[in-house]
Every structure is written in structure tokens, then in C-alpha cells.
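# Observations on the three-dimensional arrangement
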Amino acid sequence: MNSYLIEDEEGWSVIDPGLATDNTLTVWTEALQRYDLTFGDIRRIIVTHYHPDHYGLAGMFQQWTDAAVYSSKETFDWADRTYHSESIRKSAQFSRKCGVPASLVAQMSEHNEELFTWVKPIEGAKVLLEPEEDILLGGTQFQVKFGNGHAEGSVGFLHQASGLFIGGDLLLEKITPNITYDYSTGADPLQDYFDTLKKLQTLHIQTVLPGHGEAFQLSESFIDRVIEHHLERLQEIRSIWKHSNAGELTPYEISTRLFPKVADPASVSFALGETVAHLRYLQKRNELVLKERDESLFCALL
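Quick caveat, the model's predicted, so the values are computed rather than measured.

With that settled, consider the side chain of T24. Along the chain, T24 falls in helix α1 (residues 22–34). Residue class for T24 comes out buried when judged on its relative accessible area of 14%.

Of note in the backbone geometry, D16 takes a positive phi value of approximately 60° without being a glycine. Mapped onto the elements, D16 comes out in the loop between β2 (11–15) and α1. For E132, which is not a glycine, the phi torsion comes out positive at approximately 75°. Residue E132 is classed as partly exposed on the basis of its relative accessible area, which comes to 35%.

Tallying each qualifying case throughout the model produces 11 aromatic pairs. Relative to Y83, the ring of Y55 lies with its centre 6.1 Å away and its plane at 25°, an arrangement referred to as stacked. Here the residue Y55 occupies a position in helix α2 (residues 52–55), and Y83 occupies one in the loop between α4 (73–82) and α5 (85–97), the gap between them amounting to 28 residues. With a centroid separation of 6.1 Å and 50° between ring planes, the pair formed by F61 and W64 is classed as tilted. With F61 and W64 both in helix α3 (residues 58–65), this residue pair falls three residues apart, about one helical turn. Residue class for F61 comes out buried when judged on its relative accessible area of 0%. A relative accessible area of 37% places W64 in the partly exposed class. Joined through ring pairs, the aromatic side chains of W28, F39, F61 and W64 make up one cluster. Taking NZ or CZ as reference, R81 lies 4.2 Å from the ring centre of W78, over its face. Between R285 and the ring centre of Y281, over which it is positioned, the NZ or CZ distance is 3.7 Å.

Tracing the backbone through its elements, the reader meets Y4 in strand β1 (residues 4–8). Overall, Y4 belongs to the buried group, its relative accessible area being 18%. Residues Y4 and R43, 39 residues apart in the sequence, show an inter-C-alpha distance of 14 Å. Excluding residues within four positions of it along the chain, Y4 makes contact with S13, V14, I15, I166, L209 and P210. Side-chain polar atoms of Y4 contact the backbone oxygen of P210, separated by 2.6 Å.

Quick look at the packing of helix α8 (residues 222–242) against helix α9 (residues 251–258) now. Their axes nearest at 10 Å, the elements α8 and α9 cross at an angle of 115°. Taken together, the axes of α8 and α9 lie roughly perpendicular to each other. Considering how the two elements wind past one another, α8 and α9 form a crossing that is right-handed. Each of R233, E236, I237, I240 and W241 in α8 lies in contact with α9, whose residues at this interface are I254, R257 and L258. Residues that form the contact of α8 with α9 fall into these classes: five nonpolar, no polar and three charged.

Strand direction decides the pairing type here: strand β12 (residues 288–293) and strand β13 (residues 296–301), joined by six bridges, are antiparallel. Residue pairing for β13: L290 is matched across the bridge by C299. In textbook terms, the turn of a hairpin is the stretch between consecutive antiparallel strands, and for β12 and β13 this stretch comprises two residues, one of which, D294, has a positive phi near 55°.

Cut-offs applied
- Residues numbered from 1 in each chain as written.
- Predicted model: local features only at pLDDT ≥ 70, side-chain atom pairs only at ≥ 80, totals over all residues.
- Heavy atoms only, no water.
- Helix = DSSP H or I, 4+ residues; strand = E, 2+ residues; numbered from the N terminus.
- Buried < 20%, exposed > 50% of the residue type's maximum accessible area, 1.4 Å probe, protein only.
- Phe/Tyr/Trp six-rings, centres within 6.5 Å; stacked < 30°, edge-to-face > 60°.
- Lys NZ or Arg CZ within 6 Å of the ring centre and 35° of its normal.
- Contact = heavy atoms within 4.5 Å.
- Polar contact = N/O pair within 3.5 Å; in protein donor to acceptor, adjacent residues only side chain to side chain.
- Axes fitted to C-alpha atoms, helices over the stretch in contact; angles between N-to-C directions.
- Parallel < 35°, antiparallel > 145°, perpendicular 65-115°, else oblique.
- Left-handed = near helix turned anticlockwise from the far one by under 90°.
- Nonpolar A, V, L, I, M, F, W, Y, C, P; charged D, E, K, R; others polar.
- Pairing = 2+ DSSP bridges.

Here it is as C-alpha cells:
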């Protein structure tokens with residue numbers, strides 16, 4: 001995960017401090033020493049979205065620096081309703097309804113319990129970023145851009161003159177951002193991500209500083225290829241039924257066919273969420289029907 005340290009007129013800004021682990025703290029201590037800085041030099045903490053690898057250390061950073069944390073209202077709201085034991089229980093319940101074996105669900109819950117210990121609450125000042133507002137980063141004016149699909153209320157920062165985009169996980173070069181869904185809302189996250197990508201396509205972005213991986217140049221065809229990747233996954237789901245004798249399949253059964261090499265608890269959670277987001281897309285377009293029977297979910301193509 002990439003964190004960014006930016007010198008401003010009144011101190012330094014941090015974008016996405018990372019998980020609250022010993023390793024992350026070591027990295028930050030070494031980085032600040034390298035630039036002859038202390039935590040007191042950090043005057044602003046910016047979080048692009050609520051996922052733990054970006055958000056987790058922000059609360060601890062705030063305790064050390066007394067700096068305000070900047071992000072979208074959705075980021076703060078989703079963090080508040082995610083990082084607690086009830087959320088782990090609901091996640092386990094969702095996984096069981098999708099057909100994940102009970103023993104694997106228990107491992108997934110254990111992983112989440114450990115993961116949540118690496119997320120520290122933000123108890124001090126919060127500043128809500130608004131779409132299209134201007135923000136100074138490194139003494140240069142950037143424009144705040146919002147996006148959805150990967151994480152509701154994600155924020156990125158565009159320097160319009162140069163086309164430089166600090167994008168969190170909105171645009172990643174080597175992997176596509178995980179799109180996940182758990183049937184708890186009426187949302188359609190894959191469509192939300194398509195809408196976000198099409199909006200980003202109009203911004204004339206040249207260089208991306210991403211949340212993961214190296215900086216990269218955004219080619220004209222890049223966003224089209226990302227959209228095509230998801231369209232191919234939707235077609236793959238349709239093909240699963242074509243080559244299956246079963247009229248109904250659980251979301252987990254579909255997930256294991258889409259991601260046959262995925263086995264560890266954390267990756268199973270990502271794979272299941274990604275699968276369900278695509279199933280939801282098909283359901284919203286009346287290609288698929290979702291049935292609940294004996295506290296389990298079953299899908300069937302129409």
C-alpha cells in the first residue's frame with residue numbers, strides 16, 4: 001500500500017497512512033527520520049477511503065500529531081459501521097448464506113478480528129471533503145474527485161494543468177480494484193464503478209499516483225480495458241451456468257468456479273464479494289433471480 005508525504009506551507013500532509021501494525025510504524029519512523037521530521041510536523045491527515053490498509057493508522061496518527069483527518073462523509077460513516085464485532089458477525093452470516101462452509105467462515109471471522117485490531121478509531125477533528133472542491137497539496141491547487149464501486153465515497157485529487165491524479169484505489173495498474181457487495185443495501189456497486197470510470201475518462205488524467213503499485217501513465221485505452229475485464233467476468237458467470245447441470249448455484253459455488261485457486265480466508269472473502277457484486281449487476285438487469293431457501297441463497301439465470 002502506498003502512503004504519500006507532501007510538504008505544505010504550514011507543515012506536512014499525509015495521504016493514506018496505512019494499517020496500524022508494528023511494521024507500518026517502523027516504516028513511518030524511518031521515513032520521518034530520513035527527512036528530518038517528527039510527527040509534530042504533520043498538520044493534515046488525508047484518507048482516500050475507509051478500507052483498513054488506507055484508514056487503519058489515521059486515528060493513531062491523529063493522536064500523535066493532533067492533526068485533523070480529511071475524507072468524505074461516506075468514508076467516516078462506513079468506517080464507523082464497519083470496524084466492530086457486530087460487523088464481523090454480519091459478515092459471517094452473509095458468508096454462510098452464500099454457501100461458504102462453516103469451518104471456512106470461522107477462519108474468515110478470525111482473520112477479520114485480527115484485521116480490525118489494526119484499525120484505530122478517529123476520535124479527534126474531522127474535515128469533510130466535498131466533490132469538486134479545491135485543496136492545496138504541496139502548495140499546488142488540486143481538485144477533489146469522488147468515486148464509488150470499490151469503496152463508497154472514495155476520494156482522489158486531480159491537478160488539472162498537468163493531469164496528475166492521486167487516486168487511492170480508484171485506478172490501479174496491475175490489478176483491478178476489488179468490487180464487493182453483501183446484499184445489505186439496494187446498491188449496484190459494479191455499475192457504480194463503471195460510472196466512476198467513465199467520469200474519470202473525461203478528466204484527461206495523464207499520470208496516476210495509485211494506492212498500490214508504481215506510478216503509471218494512463219493510456220487512452222486503459223479505462224476501456226478495465227471495463228472490458230468486468231464485462232468478460234459477467235460473461236464468464238453466464239458461461240458457468242451453460243456448462244453446469246445445476247439450475248441453481250450458490251454464490252460461493254460460482255465464486256469457486258470464477259476463482260478456483262483462491263483458498264486462504266482473506267482471499268475467499270474478496271473473491272466472494274467480487275462474485276456477488278457481479279451477480280448483483282445481473283440481478284438488477286433481470287438476467288438472474290436470487291432465491292432464499294433454508295437460510296441459504298441460490299442464484300438462477302432467467
